[in-house]
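Structural overview
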Amino acid sequence: DAGVTQSPTHLIKTRGQQVTLRCSPKSGHDTVSWYQQALGQGPQFIFQYYEEEERQRGNFPDRFSGHQFPNYSSELNVNALLLGDSALYLCASSLSPTGMNTEAFFGQGTRLTVV
Amino acid sequence: SQQGEEDPQALSIQEGENATMNCSYKTSINNLQWYRQNSGRGLVHLILIRSNEREKHSGRLRVTLDTSKKSSSLLITASRAADTASYFCATDGWNSGYSTLTFGKGTMLLVSP
């Protein structure tokens, strides 16, 4: 059983560019959450997708947007990249968010460097 | 924003010793989870403790939760070099019907052979 897979693993972009990161959830999971982890910090919640809709959003600007497809995979898009967007972007999948005490499974992340 | 605060920020021990990490949080929770991260890569789920539980064990891991003090501790017994990693606590606040995790800054554990 493949766990959560993310692509690409590493990415270098220039300030002002746009980037798309991809995530395939663990088999059977229908909820995808995205996190940003700056160096030396804990992951920060960006947003969560369920049934192809954004259900929860953290304190991130509108430059951060996402999408969930019918097969539950998800994309994270960041527009007008800033140097401060350089971070490890983590995708986590879980079962339907209507269940409490749900364990989240994380992918290996995409390391984004903005130069 | 960070919900949990782990203490200490860094911990260095010898193989065979026990490692204890603490986590404090601010708001009410449904559960608290501990994760491990090796070399800045993906997070591995270690253990989940519900708000109505006080202690939980999993192999060499022991987690306690004190909701009155809004704190939790993770004990790793008989540490091994392979336990070297960063450890994060994450609180699940069940916001508006959806489960989202709020992480602390983590404790970096170094276990020397």
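Right above here is the structure, for reference.
So, here's what we can say about the structure. All residue numbers refer to position in the chain's written sequence, counted from 1. Just so you know, chain letters begin at A and ligand numbers begin at 1, following the order they were written in. Local features in this predicted model are restricted to residues of pLDDT 70 or higher, and side-chain atom pairs are both shown and tallied only at a pLDDT of 80 or more, whereas totals for entire chains, interfaces and linings draw on every residue. In computing side-chain values, all of the structure's heavy atoms are included and hydrogens and water are not.

Observations concerning the overall build of chain A
The numbering of helices and of strands both runs from the N terminus, where a helix is a DSSP run of H or I of at least 4 residues and a strand a run of E of at least 2. Within chain A one finds zero helices and eleven strands. Written out in order from the N terminus, the α and β elements of chain A read β-β-β-β-β-β-β-β-β-β-β. Both definitions apply: the radius of gyration is a C-alpha atom measure, and the globule rule equals 2.2 Å times residues to the power 0.38. Computed over C-alpha atoms, the radius of gyration of chain A comes to 13 Å, within 12% of the 13 Å expected from 2.2 N^0.38 for 115 residues, which places it in the range of a compact globule. The dimensions of chain A, computed from C-alpha atoms along their principal axes, are 40 × 25 × 25 Å. When burial is assessed residue by residue, chain A has 49% of its 115 residues classed as buried. Accessible area for chain A stands at about 5300 Å²; split by element, carbon and sulfur atoms hold 50% of it. Buried, partly exposed and exposed residues are distinguished by accessible area as a fraction of the type maximum, computed with a 1.4 Å probe on protein chains only: under 20%, between the cut-offs, and over 50%, respectively. Surface accessibility in these figures is a Shrake-Rupley result with a 1.4 Å probe; residues are shielded only by whichever protein chains are displayed.

Considering the side chain of T110(A)
Residues and elements named next belong to chain A. Residue placement: T110 occurs in strand β11 (residues 110-114). Within the local environment of T110, its side chain forms a polar contact with the backbone oxygen of P8, the two atoms lying 2.5 Å apart. Note on contacts: a residue pair qualifies if any of its non-hydrogen atoms lie within 4.5 Å across the two residues. Not counting residues within four places of it along the chain, the set of residues in contact with T110 comprises Q6, S7, P8, T9, L21, A87, L88 and Y89. Under the rule applied, a polar contact is a pair of N or O atoms within 3.5 Å (in protein, one hydrogen donor and one hydrogen acceptor; residues adjacent in sequence only if both atoms are side-chain atoms).

Thoughts on the layout of surface pockets
Cavities and pockets were defined on a 1 Å grid built from protein atoms only: a cavity is a group of points that admits a 1.4 Å probe but offers it no way out, a pocket is an open group of points flanked by protein on both sides within 12 Å along at least five of seven lines, and a lining residue is one with an atom within 4 Å of any such point. Grid points are joined across faces, edges and corners, and a volume is the space filled by probe spheres set on the points. By volume, the second largest pocket amounts to about 310 Å³. Taken together, 19 residues make up the lining of the second largest pocket; nearest its centre are Q37(A), G40(A), Q37(B), S86(B) and M108(B). Of all the secondary structure elements, the ones that give two or more residues to the lining of the second largest pocket are β9 (85-92) and β11 (107-112) of chain B. Of all the elements, β9(B) adds the most residues to the lining of the second largest pocket, at three residues.

Brief notes about the pairing of strand β7 (residues 64-68) of chain A
All names here are of chain A. The two faces of β7 differ: F64, G66 and Q68 on one face are buried, but S65 and H67 on the other face are not. Following DSSP output, two strands are said to pair if at least two bridges run between them. Sheet topology note: the β7/strand β8 (residues 74-78) ladder contains five bridges and is antiparallel. Residue pairing across strands places H67 opposite E75, the latter belonging to β8. Counting the residues in the hairpin turn of β7 and β8 gives five residues, including Y72, whose phi is positive at 80 degrees.

Brief notes about the interface of chain B and chain A
How big an interface is tends to be expressed through the accessible area that disappears when the partners come together. With 26 residues of chain B in contact, the opposing surface of chain A contributes 29 residues. As used here, buried area is the combined drop in accessible area, with a 1.4 Å probe, of two parts when they are placed together. Here chain B meets chain A over a buried area of about 2300 Å², counting both sides, of which 49% is carbon and sulfur. Summed over the shared surface of chain B and chain A, the result is five residue pairs in polar contact (both at pLDDT 80 or more). Residues are grouped as follows: nonpolar covers Ala, Val, Leu, Ile, Met, Phe, Trp, Tyr, Cys and Pro; charged covers Asp, Glu, Lys and Arg; every other residue, Gly included, is treated as polar. Residues of the side of chain B that touches chain A, tallied by class, amount to eight nonpolar, 15 polar and three charged.

Digging into the state of the cysteines
Residue and element names in this part refer to chain B. What counts as a disulfide here is a pair of cysteine sulfur atoms lying within 2.5 Å. Evaluation of the coordinates by the stated rule reveals two disulfides over all chains. Across a sulfur-sulfur distance of 2.0 Å, C23 and C89 are joined as a disulfide pair. Because the torsion about its S-S bond is 65 degrees, the bridge between C23 and C89 counts as right-handed. Pair noted here: C23 is in strand β3 (residues 19-24) and C89 is in strand β9, with a separation of 66 residues, a long-range link. Both residues of the pair, C23 and C89, count as buried.

Focus: the sheet that holds strand β1 (residues 5-7) of chain B
Residue and element names in this part refer to chain B. Strand order in the open sheet made by the five strands is β1-β3-β8-β7-β6, with antiparallel pairing throughout. Lying at the two open borders of the sheet, with one neighbouring strand each, are β1 and β6 (55-58). Within the sheet, the average angular offset between the axes of one strand and its neighbour, ignoring direction, is 15 degrees. The pairing of strand β7 (residues 61-66) with strand β8 (residues 71-76) spans six bridges and is classified as antiparallel. Opposite V63, over in β8, you have L74 as the bridge partner. Each axis is a line fitted through C-alpha atoms, taken for helices only over the stretch in contact, and angles between the N-to-C directions span 0 to 180 degrees.

Remarks on unusual backbone geometry
A cis amide bond links S7(A) to the next residue, P8(A), at an omega of -10 degrees. Note that P8(A) resides in the loop between β1 (5-7) and β2 (10-13). Looking along the chain, the bond that leaves D7(B) and enters P8(B) is cis, with omega of 0 degrees. Mapped onto the elements of the fold, P8(B) is located in the loop between β1 and β2 (10-14). Of note, the phi angle at E51(A) is positive, near 50 degrees, even though the residue is not glycine. The residue A80(A) is not glycine, and still its phi comes out positive at about 45 degrees. With respect to the element layout, A80(A) can be found in the loop between β8 and β9 (87-94). Using a relative accessible area of 38% as the deciding quantity, one classes A80(A) as partly exposed.

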